[in-house]
Amino acid sequence: MSNVLEVKGLGKAFRDYGSEFKRFATWFGASVTPRNEHWVLRDISFSVGRGEAVGIVGQNGAGKSTLLKLITRTLMPTEGSVAVHGRIAAILELGMGFNADLTGRQNVYHAAGLMGFSREQIDAAMPDIESFAEIGDYFDEHVRTYSSGMQMRVAFSVATAFRPDILIVDEALSVGDAYFQHKCFKRIKEFREEGTTLLIVSHDSGAVQSMCDRAILLQGGRVFRDGDPVEVMDAYNALIAERENSTMKVERLETGQVQTTSGTLEAVVKDIQIHSMDGERIEFIDVGQDVELRIDVEARADIPRLVLGYMIKDRLGQPVFGTNTFHTKQVVNDVAAGCTLSYVARFKMNLGPGSYSISTALVSTDTHLVDNYEWRDLALIFTVANHSQAHFVGSAWIPPQIDIKSLP
Amino acid sequence: MSELLRAVWRYRHFILSSVKNDLKARFARSRLGAAWMILQPLAQVAIYSVVLSRVMGAKLPGTTNQYAYSIYLMAGMLAWSLFIEVVTRSLTLFVDNGNLMKKIYFPRATLPFIAVGSALVSNIFLFVATILIFTIVGHAPTWAFLWLPLLMAINVAFSLGLGLLLGVINVFVRDVGQVMAVVLQLWFWITPIVYMPTILPSGFGRIIAANPMYYIVSSFQNVLLYGQSPALAPLAWTAAGSVILLAIAFLMFRRAAPEMVDVL
């Protein structure tokens, strides 16, 4: 297999020399030991073949952006090497270098020139760029009159006007409206079919698993895992879980939501997990999959009457489904201190794809307003992805049986 | 070095369109547009002429034209405006383009070429306007004007060498930019542009002699006002020094380039 990208022993350090004059001296051959060396990446080695789609994942600060900057050559490596065989294009920073006082067309010439293309090559690609952007007469208006979506359209059209050998994409990249977003991903897919290698940066496990045939997990500036996306994403989730345990209920989501726990803590949720029917702990759930929600509750005091409630919420915190053992007539009476109860709720995950959270409540009646032993938001976060069902939208999965008859 | 020049050649379209866009953007939405490129230096010349022509005019030996002092001023200004534009642009070149350099890969060596390109374009406009004014006041161009391309080249070499050197340092030590704003003002007054070196008290001679811009500016004045060839020996020394300075600046730029983005 021919490799388009070879990274060998790559490392990047940001150096602090104390005095800038010492730094200047190093340019002229003086060997000065920096006062402080901060290695952001170290010992990174991997190679990527033609046509591969590789997900680059890692927590914030793991070195993803630095790695990409080294690959695109905006940063120079401190040690090791990056060999790129072919042209590389990144759609991470769309619209960089656009000048508001120039028209869309003039900016296209400029931006494509920045990518190293000649006037003739740009002229040849111009009709394609113009028609892909679909902004009509605005193409010859000043960019300052553009909406941000229009600017994105033009920027994406230029960035992908020439098929690169390696394309770096931020999966969370927003290119405006859904229609254009779709069009962009279609173009990226076409590139891949024609042999372009994709490097996809993402936080979204579902996206990596569906788009990539390999994933590289960075942790602390090193390659932590490199291989099958499913395995790598499991390792990623384990890493996140580890961090969460150590930091205790602070920020859990990248959206900045903070988990809150309240109550007398006479009874607490010790553990909450979702398992597949074969008993494996999972966080990525297929639409319609049978799952078990396992909640272990520990009584820390004598509890006369214990009700467990849980609520599934969508990513915006809107309730999707909630119930409790009061409504299901499964109230447990006289729980002794130190006793642990295991609740297992079996259900079909009839939810649409997306990220969901579960909140739990331990109370004595059907509300938490009388005795609130423990109320815990964002007790568990899981993702539903659609692997097996026909495409649909929305947060509920209501599979229809559609009959079509032609009427006489 | 050849690798650098190859990259620049490959990006020549980008350099050209950047120069063009730069000029366009500078004068976008202004009524007089590109005219400002020449109006500003000419207005300065007009101010000095009005204020100082009585005092200075009589001190210009060997001229018959009543506008001799204005011509002298314009000649000096033509040289100075090129110098100041190249230096100030190079000084903030990397800081201004920091965002771009951090996000997109392109040969960094194109940046100084873009800066010099747009400075040269506006200077050539000013030059044309100067010639036009000379002709109107009855000071027709002479063959000595053919020296000008060489003089401009030496001027650019010196300005770019200095500007680039300081521009690279400015990325790491931002004080340089602030200091230079003051230094350049002082520099203007220790260069004989609005006055003649002959009117200075004897003690100042050494300062003037140590000022490379003196040799460049006086060459412009010799050529444009007196129609004479510039004094060759000092000009040759200045040219050699400028080329060496430029080479050092580019060397430093190449050495600094890998670390520049780290701190931008």
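Residues numbered from 1 in each chain as written. Chains lettered and ligands numbered in written order. Predicted model: local features only at pLDDT ≥ 70, side-chain atom pairs only at ≥ 80, totals over all residues. Heavy atoms only, no water.

- Naming follows an unreviewed UniProt entry, where chain B appears as Transport permease protein of Luteibacter jiangsuensis.
- Of chain B, the UniProt comment under Sequence similarities (unreviewed entry) reads exactly: "Belongs to the ABC-2 integral membrane protein family." (UniProt positions renumbered as here; feature names shortened; annotations may be inferred.)

- In the nomenclature of an unreviewed UniProt entry, chain A is known as ABC transporter ATP-binding protein of Luteibacter jiangsuensis.
- The record in UniProt for chain A states the following under Sequence similarities (unreviewed entry): "Belongs to the ABC transporter superfamily."

**Brief notes about the overall build of chain B**
Part 1: Along the backbone of chain B there are 12 helices and 0 strands.
Part 2: Mapped in sequence order, the helices and strands of chain B form the string α-α-α-α-α-α-α-α-α-α-α-α.
Part 3: Computed over the C-alpha atoms, the radius of gyration of chain B is 19 Å, within 12% of the 18 Å expected from 2.2 N^0.38 for a compact globule of 264 residues.
Part 4: Among the 264 residues that make up chain B, the fraction classed as buried is 51%.
Part 5: Of the contacts formed within chain B by residues at least 6 apart in sequence, a portion of 80% connects residues at least 24 apart.
Part 6: Carbon together with sulfur atoms contributes 68% to the accessible area of chain B, which is approximately 12,400 Å² in total. (Helix = DSSP H or I, 4+ residues; strand = E, 2+ residues; numbered from the N terminus. Rg over C-alpha atoms; globule rule 2.2 N^0.38 Å. Buried < 20%, exposed > 50% of the residue type's maximum accessible area, 1.4 Å probe, protein only. Contact = heavy atoms within 4.5 Å. Areas by Shrake-Rupley, 256 points an atom, 1.4 Å probe, with all protein chains shown as cover.)

**Topic: the UniProt feature "transmembrane region" (unreviewed entry) in chain B**
Residue and element names in this part refer to chain B.
Part 1: Taking the numbering used here, the UniProt-annotated feature "transmembrane region" (unreviewed entry) corresponds to residues 34-55, 67-88, 109-137, 143-169 and 231-253.
Part 2: The span residues 143-169 is 81% helix and 0% strand, and its two end C-alpha atoms sit 41 Å from each other.
Part 3: Helix makes up 96% of residues 231-253 and strand makes up 0%, while its end C-alpha atoms are separated by 32 Å.

**Regarding helix α1 (residues 2-10) of chain B**
Residues separated by three or four positions in an α-helix point in the same direction, a consequence of the helix having 3.6 residues per turn.
Residue and element names in this part refer to chain B.
Part 1: Restricting attention to buried positions, one finds in α1 the residues Leu4, Ala7 and Val8. Seen from one end, α1 has its buried residues packed into an arc of 100 degrees, which puts them on one side. Across α1 from its buried face, at more than 90 degrees, point the exposed residues Glu3, Arg6 and Trp9.
Part 2: The secondary structure elements touched by the buried residues of α1 are α2 (12-27), α7 (110-136) and α12 (232-263). (Arc of directions from axis to C-beta.)

**Re the sheet that holds strand β9 (residues 222-227) of chain A**
Residues and elements named next belong to chain A.
Part 1: Across the sheet, which stays open at both edges, the 6 strands sit in the order β5-β6-β7-β3-β8-β9 with mixed pairing between neighbours. The strands lining the two open edges of the sheet, one partner per strand, are β5 (88-91) and β9. Mean inter-strand twist for the sheet, computed between neighbouring axes without regard to direction, equals 20 degrees.
Part 2: Where strand β8 (residues 214-219) meets β9, 5 bridges bridge the pair, whose relative direction is antiparallel. For isoleucine 216, the partnering residue across the bridge sits in β9 and is aspartate 226. (Pairing = 2+ DSSP bridges. Axes fitted to C-alpha atoms, helices over the stretch in contact; angles between N-to-C directions.)

**Topic: the environment of valine 87 of chain B**
Residues and elements named next belong to chain B.
Part 1: Residue placement: valine 87 occurs in helix α4 (residues 68-91).
Part 2: When the C-alpha positions of valine 87 and tryptophan 147 are compared, they lie 22 Å apart, and in sequence the two are 60 residues distant.
Part 3: Each residue touching valine 87, except ones within four places of it in the same chain, is listed here: Ser159, Leu162, Gly163 and Leu184.

**Concerning the sheet that holds strand β13 (residues 290-299) of chain A**
Residues and elements named next belong to chain A.
Part 1: Taken together, 3 strands build an open sheet; the order of strands is β11-β13-β17 and the sheet is antiparallel. Across the chains shown, the open sheet's two edge strands, defined by having one partner strand only, are β11 (267-276) and β17 (340-348). Looking at each pair of strands side by side, their axes are set apart by 20 degrees on average, direction ignored.
Part 2: Alignment of β11 against β13, held across 9 bridges, turns out to be antiparallel. Across the sheet, residue glutamine 273 finds its bridge partner in β13, namely arginine 294.

**Structural notes on the interface of chain B and chain A**
Where interface size is given, it is often the accessible area lost as the parts come together that is meant.
Part 1: Each partner contributes residues to the interface: chain B has 34 residues there, and chain A has 33 residues.
Part 2: For the pair chain B and chain A, the two sides together bury roughly 2,900 Å², of which 63% comes from carbon and sulfur.
Part 3: At the boundary of chain B and chain A, one finds 1 salt bridge.
Part 4: We note a salt bridge from lysine 12 of chain A to aspartate 262 of chain B, for which the minimum N-O separation is 3.0 Å.
Part 5: Elements represented by at least two residues in the side of chain B that touches chain A include exactly α2, α6 (98-103), α8 (148-172) and α12 of chain B.
Part 6: A total of 9 residues in the side of chain B that touches chain A trace back to one element, the largest contributor, which is α12 of chain B.
Part 7: Of the residues that constitute the side of chain B that touches chain A, the class distribution is 19 nonpolar, 5 polar and 10 charged. (Buried area = accessible area lost by both parts, 1.4 Å probe. Salt bridge = Lys/Arg side-chain N within 4 Å of Asp/Glu carboxyl O. Nonpolar A, V, L, I, M, F, W, Y, C, P; charged D, E, K, R; others polar.)

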